[in-house]
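Topology and contacts: notes
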Amino acid sequence: MAKKKKRLRKRRRRRNTHGPVGAPPGSLTVQEDAQPTRASVIAYDESEITEHVVEKLDDVGGALERWRVTWLDVVGLADLDTVRGTGRLFDLHPLALEDVVHPHQRAKVEDYPSGVFLVLRMPSVDDDDGLELEQVSVFFGESYVVTFQEHEGDCFEPIRNRLRQRRGRLRKNGADYLAYALLDAVIDAYFPAVEAYGERLEDLEDRILEDPREKHVSELHAVKRDLAGIRRAVWPLREAVNLMLRDENPLLTADTRLYLRDAYDHTIQLVELVESHREIASGLLDVYLSSVSNRMNEVMKVLTIIATIFIPLSFVAGLYGMNFDPQASPYNMPELGWRYGYPAALGVMLSIALGMLWFFRRKRWL
């Protein structure tokens, strides 16, 4: 019950994801569940790299002039001064910043004079709360990438390690390639989550076929709800990546566009996987209903056979239960005076029952 109330409170908070009614465009407000703000920066070129926690945003301005690519990562959206200061430093559009502080936006890509704005939904699966989708806002220009995250913990640590260890193309390419790498990391993070739901569906299938229970229905509905959430996140993400491929933005080099095609293919695979799992979940619900119906039919068949067997037995027992006096008339149940009348009656009843069981077995009703 406590988990259910927690989920309901979370849903109520998520409905209020916009600013006050009538507020001017670009207004920034703090959400009730906003986390404390922390900023860190990674600046690098092909030969050197620096990484530190940001104490003052003015220090980031020097990195923009010194390094080939500067990645500012802001975690937590409670400090609006940091958000506004970041917007002034990188010339970010107020409308984009409004989407940053009012999370739970759909995945999208927008072009602004100062750069490109991406909204991503980063997945995480919790055993208690189920699927969680955190908004990650990405800005990138000619020499910078700025990311805003709602909470601590992300899927970008492999990218940080590649930057530190000079692996692959990250240190050799510009900010657009780093933005692609972040996008690709978010897309790849969906695959373990979707595969986990696939394994969960397989386990549910085995349990439903073996012993269908009412709790399996609630589990199926939970899986279908989470898969629907993933679909709502991935479907517009696919369109956003496709738009980046088709848009002739000078910030995206030809080399990066080749890798974006691979990211687009991954989004298509995700959509197909999610749709496949949703169909399996719907099919399992039908399997559950069929199994329950078949079990009920089996129970009704057994009860009907038992009742059918006892009908003639009840007739015999009722017949000999009538209080007719055999001394008053030779036709009034002379069997009541027989020495072996009771065993004979039981024998007749047993013969009837065995005969009916044989008949049912021959008809393959048993």
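Residues numbered from 1 in each chain as written. Predicted model: local features only at pLDDT ≥ 70, side-chain atom pairs only at ≥ 80, totals over all residues. Heavy atoms only, no water.

Quick notes on the overall build of the chain
- When helices and strands are counted, the chain shows 9 helices and 7 strands.
- Relative to the 2.2 N^0.38 estimate, which gives 21 Å for 366 residues, the radius of gyration of the chain is 35 Å and therefore markedly larger than a compact globule would have.
- Dimensions along the principal axes, computed over C-alpha positions, put the chain at roughly 125 × 40 × 35 Å.
- Taken over 366 residues, the chain has a buried fraction of 44%.
- Long-range pairs, those at least 24 residues apart, make up 66% of the contacts in the chain between residues at least 6 apart in sequence.
- Only carbon and sulfur atoms are counted for the fraction: they give 53% of the accessible area of the chain, which is about 20800 Å².
- Here the chain carries 49 positive and 56 negative side-chain charges, and the mean point of each set is 7 Å from the other. (Helix = DSSP H or I, 4+ residues; strand = E, 2+ residues; numbered from the N terminus. Rg over C-alpha atoms; globule rule 2.2 N^0.38 Å. Buried < 20%, exposed > 50% of the residue type's maximum accessible area, 1.4 Å probe, protein only. Contact = heavy atoms within 4.5 Å. Areas by Shrake-Rupley, 256 points an atom, 1.4 Å probe, with all protein chains shown as cover. Lys, Arg positive; Asp, Glu negative; His and termini not counted. Charge placed at Lys NZ, Arg CZ, Asp CG, Glu CD.)

Focus: a negative patch on the surface
- Judged by side-chain charge, Glu195, Glu199, Glu202, Glu205, Asp206 and Glu210 come together as a negatively charged surface patch.
- Take Glu210: it is sitting in helix α6 (residues 175-210). (Patch = residues over 30% accessible without salt bridge, like charges linked within 9 Å, V, L, I, M, F, W, Y side chains within 5 Å. Salt bridge = Lys/Arg side-chain N within 4 Å of Asp/Glu carboxyl O.)

Here's the deal with the environment of Val241
- With respect to the helices, strands and loops of the structure, Val241 is situated in helix α7 (residues 214-246).
- Sequence separation between Val241 and Arg261 is 20 residues; the distance between their C-alpha atoms is 8.2 Å.
- The residues touching Val241, leaving out its near neighbours within four places in the chain, are Leu183, Ile187, Leu260, Ala263, Tyr264 and Thr267.

Looking at the packing of α6 against α7
- Viewed as axis vectors pointing N to C, α6 and α7 meet at an angle of 155°, and their least axial separation amounts to 11 Å. Overall, the two elements α6 and α7 adopt an arrangement that is roughly antiparallel. At the point where α6 passes α7, the crossing takes the left-handed sense.
- For the contact of α6 with α7, the residue count by class is 18 nonpolar, 1 polar and 4 charged. (Axes fitted to C-alpha atoms, helices over the stretch in contact; angles between N-to-C directions. Parallel < 35°, antiparallel > 145°, perpendicular 65-115°, else oblique. Left-handed = near helix turned anticlockwise from the far one by under 90°. Nonpolar A, V, L, I, M, F, W, Y, C, P; charged D, E, K, R; others polar.)

Describing the pairing of strand β3 (residues 69-75)
- Judged by how many residues are buried, β3 sits mostly within the fold: 7 of 7 residues are covered.
- Here β3 shows two buried faces, one formed by Val69, Trp71, Asp73 and Val75 and the other by Thr70, Leu72 and Val74.
- Pairing of strand β1 (residues 38-44) with β3, which is carried by 7 bridges, proceeds in the antiparallel orientation. Looking across to β3, one finds that Val41 is bridged to Leu72. (Pairing = 2+ DSSP bridges.)

Regarding the nonpolar core
- Core analysis: the biggest nonpolar cluster contains 62 residues, and Trp71, Phe156, Ile159, Leu178 and Tyr190 have the highest contact counts within it.
- For this core, the secondary-structure elements that each account for two or more residues are β1, β3, β5 (115-126), β6 (130-140), α5 (157-165), α6, α7 and α8 (254-319).
- In terms of residue count, the dominant contributor to this core is α6 (19 residues).
- In terms of nonpolar packing, the next biggest core, distinct from the first, is built from 24 residues, Val74, Leu80, Tyr112 and Val146 among them. (Core = buried A, V, L, I, M, F, W, Y, C linked by side-chain atoms within 4.5 Å.)

Description of the confidence of the model for the chain
- Looking at the chain as a whole, the pLDDT averages 85, with 91% of positions reaching at least 70.
- Segment residues 1-16: pLDDT under 50, and 14 contacts once partners within four positions in sequence are set aside and those in other chains are kept. (pLDDT = per-residue confidence, 0-100.)

As for the packing of aromatic side chains
- Counting across every chain of the model gives 9 aromatic pairs.
- Ring centres 4.5 Å apart and planes at 20° place the aromatic pair Phe117 and Phe139 in the stacked group. With Phe117 in strand β5 and Phe139 in strand β6, this pair connects stretches of sequence that are 22 residues apart.
- Just above the ring of Trp235 sits the side chain of Arg231; from NZ or CZ to the centre is 4.8 Å.
- Positioned above the aromatic ring of Trp235, the side-chain terminus of Arg238 is 4.3 Å from the ring centre. (Phe/Tyr/Trp six-rings, centres within 6.5 Å; stacked < 30°, edge-to-face > 60°. Lys NZ or Arg CZ within 6 Å of the ring centre and 35° of its normal.)

Examining the side chain of Thr70
- Mapped onto the fold, Thr70 is located in strand β3.
- Non-local contacts of Thr70, meaning those with residues more than four positions away in its chain, are made with Val41, Ile42, Ala43, Val60, Ala63, Leu64, Ser143, Tyr144 and Val145.

Observations concerning empty space enclosed by the protein
- Taken as a whole and assessed by the stated rule, the structure comprises 2 cavities of 30 Å³ or more.
- Counted as a void, the largest cavity has a volume near 60 Å³.
- Together, Gln31, Asp33, Ala34, Gln35, Leu77, Val101, Pro103, Glu150 and His151 line the largest cavity.
- Its residues placed into classes, the lining of the largest cavity shows 4 nonpolar, 3 polar and 2 charged. (1 Å grid on protein atoms, 1.4 Å probe; cavity = no way out; pocket = protein on both sides within 12 Å on 5 of 7 lines; lining within 4 Å. Points joined across faces, edges and corners; volume = space filled by probe spheres on them.)

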